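Overview (structure and organization)
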Amino acid sequence: MKLRHLQASVCVALTLVSTLPPATLSQAAAQQTSVSNQQPNPTAPAAPAAVQNDTTGTPGFPQAPTPKFTEPLYLRSSLKDYSKGKLGFPNPFRWYTATNYPAPRLGDTPHLQDLLRDGKIYLSLSDAITLTLEDNFDIAIARINLDIADTDILRARAGSSLRGVSAGLITNTLGGSSSTITGGGGPGGTSTGTGGTGSGAGGIVLSTSGGGPVPYNMDPVLSGQLEYQAQNQQQSNLLFSGGLSSLYTDTSTYNFTYQQGFGTGTLFNVGFNNSRVTTNNPFGTGIQDRFVLQAKNNRRITDSAFRQQLLYTINQVENIYWGLVSAYEDEQAKERALAQSTQLTEDNRKQLQIGTLAPLDVVNSDASVAADKQALIQSQTNLEYQQLIMKQAIAHNLNDPQLSAAPVIPTDRVALDRLPEEDQPVESLIADAYANNPQIEQAVLNMKNNKITIKAEKNGLLPVLDAFAFYGGNGLGGAQAPGALDFDTGKPYPPGTFPSISYGTALNNLVNNSSPNKGIGANLTIPLRNRTAQADQVRSQMELRQSEMRLQQLYTQIRIQIINARYALTNDRAQVAAAQAQHDYAGQSLIAEQKKYKLGASTSANVLQQGRNLAIAENSLISATAAYAKDRAALLQLMATTLDRYNISITDAASGTISQAPAIPGLTAPKPEATPEPITNTPPPPPNQ
């Protein structure tokens, strides 16, 4: 007997989830007095003031103004938005193709070659910062983090867990240093990254971020099973096989399933099961979207971290630049000292030849020349090293022999003009620093993620109740096989005994409720003791408390550093004034001693001593000026206003192409070494007149 039939079924299921030298001149002293009068008396009693326990409008929240978030929202390092998947229309096969991320540019920007003239690189501070924004490896590496954060948003939108993003500073550029805080604002401050956004240097301790019930996959999943089976089986009992010694069965299976989760916490599942058999055998929601919210917060943290990276690296390059200026000026000072001692030695030898000078004086001057030569060699070596440090900070490829060999000539010097921040009230200055500082911004965003995790962990404490409903239909179709035997008579059935049912009719029976299969139900899961969920829930609270204390600690650190930076500028400016006065005095003393020596009223030893005094004074002046320049840049970094003050576009920095050169205020052109003015009997004018 042969029987051929078709069977098809469909099932739709919905699952609803719920879960229960002191100054030596009077002028320098007057300048010092004028400067010191601008500072408050450190021993004066504090004025009475009311204690402010709530300055944010949120009781219990760390007290500071709301930070200004990095704008524009979602900086991008490339033209492509990696937070969005590929479009499937009109070609759905694009969903299954790989995406190639553009290779980084390893060569130098043409701007660097424009600065190369006559075998030398003439570099201004603005040029150095421009090249840093375009070619510095630290910034280039941090720039890719912006796109990496977008991929986490794409994963979260699909309902997948977050891989995390890096928010720590990249500090692989050699040279320069920063005295500002660089630690992250994560739980306990134990990471160089911020909270749930980066594992940092340790990376061993795990956070509760991402804990709690796992969301459904919100990307639709279509699965299918296509199968064909041909079976031929020998029969040992012909009685029950209709007299057939061999039975065959051909089975074709076409099954499909569609599944998708939604932000409401609902899982939608549709199954379509379809098979065709031919045989000769006789018959008979809030939790669901939390990863998206955290991924968006992490994306903002990455933007803020990129701004922090810019502030840090720009400050680092400024320090390198002023170190280069100091080395350059020190080398010039050493050349002048050698020229003076060499000239004195030549004059001494002439006097020795005519018998007016003792040989010991010539030996003394020769020793001074040798010492000056050694100092010059050391200064030249330091200058070459500082030039190399500058090149590695602003260039990609140091294998270019012309670039590698070209000396770097700094073309800017710092002015001593007061910054607006020096005249701003201290509390107003601190409030601005709180609002602008990217570390505070990151810490606040991280606390938002902490609160999302706390909500999820509380939900994870409850028993799980899954409510579900389903509906299914069945359709059967097929045709009578020729030669089908009637067991009662042993003869074939007459044609048409069993009416044929078409495949279309079988499909129609799936949806016409002729053979329904439907129902509702619920699954309840009650974990006993529940210790894992208890531990994770209370730990999430602990991490939030750590974040709150770390944020408050940031406020304290920034306050102290801002005040200290203001004092440093005042002290540095006074130090420069005192060093300049000492330098002028040493120069005038050397000129006077040289005149006395020519008149026979002094000795070469005195002249050499005055020359050494001048060299020491020059070194002190160079060091004091460099310290002032670095502290000035450090204050702007602490205030997080460097980008605005220098007119740097953060979007240009994110793209790596700078359309407008930075405008650095407070710079002057190099001045030639001035001959000290002779001492007169006329007293210097009073300061500020």
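Residues numbered from 1 in each chain as written. Predicted model: local features only at pLDDT ≥ 70, side-chain atom pairs only at ≥ 80, totals over all residues. Heavy atoms only, no water.

1. Quick word on a nonpolar patch on the surface
- A contiguous nonpolar patch, built from Leu222, Leu226, Tyr254 and Phe256 and spanning about 440 Å² of accessible area, is present on the exposed surface.
- Listing elements by their share of the nonpolar patch, those giving two or more residues are strand E4 (221-234) and strand E5 (246-261).
- Looking at the element boundaries, Tyr254 is found in strand E5.
- Judged by its relative accessible area of 36%, Tyr254 is partly exposed. (Patch = residues over 30% accessible without salt bridge, like charges linked within 9 Å, V, L, I, M, F, W, Y side chains within 5 Å. Areas by Shrake-Rupley, 256 points an atom, 1.4 Å probe, with all protein chains shown as cover. Salt bridge = Lys/Arg side-chain N within 4 Å of Asp/Glu carboxyl O. Helix = DSSP H or I, 4+ residues; strand = E, 2+ residues; numbered from the N terminus. Buried < 20%, exposed > 50% of the residue type's maximum accessible area, 1.4 Å probe, protein only.)

2. Digging into the packing of aromatic side chains
- The final tally for this structure, using the stated rule, is three aromatic pairs.
- Ring geometry for Tyr82 and Tyr101: centres 5.6 Å apart, planes at 45 degrees, overall tilted. Of the two residues, Tyr82 sits in the loop between helix H1 (26-36) and helix H2 (110-114) while Tyr101 sits in the loop between H1 and H2, which places them 19 residues apart along the sequence.
- Judged by relative accessible area, Tyr101 falls into the partly exposed class, the value being 37%.
- Aromatic pair Tyr321 and Trp322: ring centres 5.4 Å apart, planes at 85 degrees, arrangement edge-to-face. As far as the burial class goes, Tyr321 and Trp322 line up, both buried.
- The lysine or arginine in question, Lys80, covers the ring of Tyr82, its NZ or CZ lying 5.5 Å from the ring centre. (Phe/Tyr/Trp six-rings, centres within 6.5 Å; stacked < 30°, edge-to-face > 60°. Lys NZ or Arg CZ within 6 Å of the ring centre and 35° of its normal.)

3. Let's talk about the packing of helix H9 (residues 438-460) against helix H11 (residues 531-598)
- The interhelical angle for the contact between H9 and H11, taken along N-to-C directions, is 165 degrees, at an axis separation of 9 Å. Here H11 runs roughly antiparallel to H9, going by the angle between their axes. Taken as a pair, H9 and H11 cross one another with a handedness that is left-handed.
- Split by residue class, the contact of H9 with H11 holds 11 nonpolar, nine polar and six charged. (Axes fitted to C-alpha atoms, helices over the stretch in contact; angles between N-to-C directions. Parallel < 35°, antiparallel > 145°, perpendicular 65-115°, else oblique. Left-handed = near helix turned anticlockwise from the far one by under 90°. Nonpolar A, V, L, I, M, F, W, Y, C, P; charged D, E, K, R; others polar.)

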